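Residues per chain are reported as follows:
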Amino acid sequence: MPNKIRDKIKKYLRLTNKQYTIPEIQKNVEKAINLLFLWDFFLLKNGVNERAVSHKLAEYLQTLFKGWNVDCEYNKKGLNPKELDGIKGCNEQKKTDRVFPDIIVHKRNTKENLLVVEIKTISDETVCDKRKLELFTETVGEYKYQLGLFIDFDKTKKPKLDWYRAGSKLSS
């Protein structure tokens, strides 16, 4: 195998094994939000649906988390539906334990879960989203995401960020 190809494979393998510290994760999220405001301000200013905002934010996150998968509305745990025991009934509309996080940073079909993000673009009921972040980041739970993040976008204002770790909200 030629050295150039071997070097590229080695570099790729180093990237796919990159582990991020909590401050690195937070810094990358901040960079991605800044890119969202820079390139997609129209979406925020005009109150476009949170799925569109999530998608664009996920694109920016993907460029910052090399070797990790960044997915929107990802509904699988391996090949099974993604479920969270205890989320059913957190509000009148929630009839099952099935969940679809707005954005996740993970390695597909593994237990490596880095970041789970829930987003709101309009002031709306947030109890279920915040409960999901507590459950997703529990250290004894099924998913064990290193960090959870609730982002409350209020059009053109700086978004409010609530970070979750080990099943609890971190102090601001």
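A short note on the side chain of Glu 118
Next up, step 1: Mapping Glu 118 onto the fold places it in strand 5 (residues 113–120).
Next up, step 2: Within the local environment of Glu 118, its side chain forms a polar contact with the side chain of Lys 132, the two groups lying 3.4 Å apart.
Next up, step 3: The contact partners of Glu 118, leaving out residues within four places of it in the chain, are Phe 100, Pro 101, Asp 102, Asp 129, Lys 132, Leu 133, Leu 149, Phe 150 and Ile 151.

Overview of the pairing of strand 5
Next up, step 1: Taken across its eight residues, strand 5 has eight buried, putting it largely inside the fold.
Next up, step 2: Strand direction decides the pairing type here: strand 4 (residues 103–106) and strand 5, joined by four bridges, are antiparallel. Note on strand 5: the bridge partner recorded for Ile 104 is Val 116.
Next up, step 3: Taking the residues that link successive antiparallel strands as the turn, the strand 4-strand 5 hairpin has six residues, and the phi of Asn 109 there is positive, at about 60°.

Structural notes on the nonpolar core
Next up, step 1: Counting residues in hydrophobic clusters, the biggest one holds 30 residues, and the most contacted among them are Phe 65, Leu 115 and Phe 153.
Next up, step 2: Among the secondary structure elements, those contributing two or more residues to this core are helix 2 (22–39), helix 3 (41–45), helix 4 (50–64), strand 4, strand 5 and strand 6 (147–152).
Next up, step 3: Sorting elements by how many residues they give to this core places helix 2 first, with seven residues.
Next up, step 4: When sequence neighbours within four positions are dropped, the list of residues in contact with Leu 115 reads Ile 25, Val 29, Ile 103, Ile 104, Val 105, Tyr 145, Leu 147, Gly 148, Leu 149 and Trp 163.

A look at the environment of Asn 17
Next up, step 1: Here Asn 17 shows up in the loop between helix 1 (3–16) and helix 2.
Next up, step 2: Taking the C-alpha atoms as reference points, Asn 17 and Trp 68, separated by 51 residues in sequence, lie 8.7 Å from one another.

Things to note about the pairing of strand 4
Next up, step 1: Burial of the side chains of strand 4 extends over both faces: Ile 103 and Val 105 are buried on one face and Ile 104 and His 106 on the other.
Next up, step 2: Note that strand 1 (residues 69–72) and strand 4 share four bridges and pair antiparallel. The partner of Cys 72 across the bridge, within strand 4, is Ile 103.

Cut-offs and rules
Residues numbered from 1 in each chain as written. Predicted model: local features only at pLDDT ≥ 70, side-chain atom pairs only at ≥ 80, totals over all residues. Heavy atoms only, no water. Helix = DSSP H or I, 4+ residues; strand = E, 2+ residues; numbered from the N terminus. Polar contact = N/O pair within 3.5 Å; in protein donor to acceptor, adjacent residues only side chain to side chain. Contact = heavy atoms within 4.5 Å. Buried < 20%, exposed > 50% of the residue type's maximum accessible area, 1.4 Å probe, protein only. Pairing = 2+ DSSP bridges. Core = buried A, V, L, I, M, F, W, Y, C linked by side-chain atoms within 4.5 Å.

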